[in-house]
Number of protein chains: 2
Amino acid sequence: MPRIRHKSLDCSPGCAVEATLELIDGKWKGVILYHLFHSTMRFNALRKILPNVTQRMLTMQLRELEEDGFIHREIYPQIPPKVEYSLTDFGRTLEPVVMALKRWGDEHTTFGAEKKKSPALETQGQHG
Amino acid sequence: MPRIRHKSLDCSPGCAVEATLELIDGKWKGVILYHLFHSTMRFNALRKILPNVTQRMLTMQLRELEEDGFIHREIYPQIPPKVEYSLTDFGRTLEPVVMALKRWGDEHTTFGAEKKKSPALETQGQHG
DNA sequence: CTGAATCCCCCACGATACTG
DNA sequence: CAGTATCGTGGGGGATTCAG
């Protein structure tokens, strides 16, 4: 069971919400998980689809996800090195959560507008 | 439609996930939303159930949630002041998301363990 | 190719005090 | 009761360099 890194959470009934958020929000973890749902990926493959994430951050986030038991890190001892990241069974339990996030984002933010038809929605200037 | 406050999000298909996270994660927003799903609440009522949140932060988070159209702020012009926070219809669209977070937290973190029977799970030391 | 180590800036956030 | 204003700080995270 993953541990909570940050603040002391009060234990009012809603704290489970924050607990989950703490685990999946650590900056880019959401997207990383999302992509790993589809397929195992190498480090550089993740870098490519996440151009705004620095190498350092990507490494750190992957390490935390690994610590929490969400992903598996498979190291192939060869030159050049090859490391593959994949979801664990436990990581897959997050699927409904991540998909709920994805679905809402698609419906209600301009970031889901890619798949839509009306360019009139693109009024947010978040593409540069 | 709410706007994204922080980083430039790449637009790989998973960005909708991060976009949603940005909006609901802003520190304690998740819990705030969770509690407002149940009932309209006054400022101090929220403070009481969120003892770890400073007054300043609570105010800021509520303001952001209001800006994003998730909650409504009803001011009663009277002495002493009375302000009630409630979810908007738009805010209620987040319900499946928040509930997915809640459910996962209940199942997989010690913060959901309050309602469970087996004390063997309480090995995390997050209660004090 | 994957990753660790170092430097350093910035601002999110806490603490505290004041107000209508 | 429900906020604002101000100040100080910790560490999150970017840029860069080194390494196997």
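- As annotated in an unreviewed UniProt entry, chain A is Helix-turn-helix transcriptional regulator from Asaia spathodeae.

Some words on the interface of chain A and chain B
How big an interface is tends to be expressed through the accessible area that disappears when the partners come together.
Alright, step 1. Between chain A and chain B, the residue contacts involve 54 residues of the former and 54 residues of the latter.
Alright, step 2. Approximately 4,800 Å² of surface area, both sides summed, lies buried where chain A meets chain B, with 68% of it carried by carbon and sulfur atoms.
Alright, step 3. Between the two partners, chain A and chain B, sit zero salt bridges.
Alright, step 4. Where chain A meets chain B, there are twelve residue pairs in polar contact (both at pLDDT 80 or more).
Alright, step 5. Contributions of two or more residues to the side of chain A that touches chain B are made by α1 (15-25), α2 (29-38) and α6 (95-108) of chain A.

Let's talk about the nonpolar core
Alright, step 1. Counting 62 residues, the largest nonpolar core has Leu33(A) and Leu33(B) as the members making the most contacts within it.
Alright, step 2. Apart from residues no more than four positions distant in its own chain, Leu33(B) is found in contact with Ile24(B), Leu65(B), Phe70(B), Ile71(B), Leu87(B), Leu94(B) and Val98(B).

Regarding the pattern of salt bridges
Alright, step 1. Applying the stated rule across the entire model yields six salt bridges over all chains.
Alright, step 2. The salt bridge partner of Lys29(A) is Glu64(A), with a shortest N-O separation of 2.7 Å. On the criterion of sequence distance, the pair formed by Lys29(A) in helix α2 and Glu64(A) in helix α4 (residues 55-67) is long-range, its members being 35 residues apart.
Alright, step 3. A salt bridge links Asp106(B) to Lys102(B), with the shortest nitrogen-to-oxygen separation between them at 2.7 Å. Note that Asp106(B) and Lys102(B) are positioned in helix α6 (residues 95-108) at a spacing of four residues, about one turn of the helix. Each of the two residues, Asp106(B) as well as Lys102(B), counts as buried.

Things to note about α6(A)
Residues and elements named next belong to chain A.
Alright, step 1. In this model, α6 (14 residues) spans 20 Å end to end at C-alpha, consistent with the 20 Å of a helix rising 1.5 Å per residue.
Alright, step 2. With ten of its 14 residues buried, α6 lies for the most part within the structure.
Alright, step 3. Among all positions of α6, only Val97, Val98, Met99, Ala100, Leu101, Lys102, Trp104, Gly105, Asp106 and His108 are buried.

What about the sheet that holds strand β3 (residues 82-87) of chain A?
Residue and element names in this part refer to chain A.
Alright, step 1. With respect to topology, three strands assemble into an open sheet ordered β1-β3-β2, the strand pairing being antiparallel. In this open sheet, the two edge strands, each paired with only one partner strand, are β1 (41-42) and β2 (71-76).
Alright, step 2. With two bridges joining them, β1 and β3 adopt antiparallel strand pairing. From the neighbouring strand, Arg42 faces β3, where its bridge partner is Glu84.
Alright, step 3. Sheet strands touched by α2: β1, β2 and β3. Its angle to β3, the strand with the most contacts, is close to 90°.
Alright, step 4. Sitting on the sheet, α4 touches β2 and β3, and the angle it makes with β2 is about 115°.

Things to note about unusual backbone geometry
Working note: non-glycine residues mostly have negative phi, and peptide bonds are mostly trans.
Alright, step 1. Of note, the amide linkage connecting Ile79(A) to Pro80(A) takes the cis form, showing an omega dihedral of -5°.
Alright, step 2. Checked against the element boundaries, Pro80(A) lands in the loop between β2 and β3.
Alright, step 3. Of note in this structure, Lys27(B) is not a glycine but carries a positive phi near 65°.
Alright, step 4. Of note, Lys27(B) is situated in the loop between α1 (15-25) and α2 (29-38).
Alright, step 5. The class for Lys27(B) is partly exposed, based on a relative accessible area of 36%.
Alright, step 6. In this structure, Trp28(B) takes a positive phi of about 75° despite not being glycine.
Alright, step 7. The topology assignment puts Trp28(B) in the loop between α1 and α2.

Calculation notes
Every chain is numbered on its own, with residues counted from 1 as its sequence reads. Going through the entries in the order they are written, you letter the chains from A and number the ligands from 1. Local features in this predicted model are restricted to residues of pLDDT 70 or higher, and side-chain atom pairs are both shown and tallied only at a pLDDT of 80 or more, whereas totals for entire chains, interfaces and linings draw on every residue. With hydrogens and water stripped out, all remaining heavy atoms of the structure feed into the side-chain values. Only heavy atoms enter the contact rule, under which two residues are in contact if any of them lie within 4.5 Å. Each of two parts loses accessible area, computed with a 1.4 Å probe, when they are put together; buried area is these two losses added. In what follows, salt bridge is the name for a side-chain nitrogen of Lys or Arg lying within 4 Å of a carboxyl oxygen of Asp or Glu. N or O atoms closer than or at 3.5 Å make up a polar contact, with two conditions inside protein: a donor-capable atom paired with an acceptor-capable one, and, for residues adjacent in sequence, both atoms drawn from side chains. Strands are runs of DSSP state E lasting at least two residues, helices are runs of H or I lasting at least four, and both sets are numbered from the N terminus onward. Residues grouped as a nonpolar core are buried Ala, Val, Leu, Ile, Met, Phe, Trp, Tyr and Cys residues, joined through side-chain atoms within 4.5 Å. Throughout this description, buried means an accessible area under 20% of the type-specific maximum (1.4 Å probe, protein chains only), exposed means over 50%, and partly exposed covers the range between. One less than the residue count of a helix, multiplied by 1.5 Å, gives the span that helix is expected to have. In short, DSSP must find at least two bridges between two strands for them to pair. A fitted line through C-alpha atoms serves as each axis, taken over the contacting stretch for helices, and the angle formed by two N-to-C directions is quoted from 0 to 180°.

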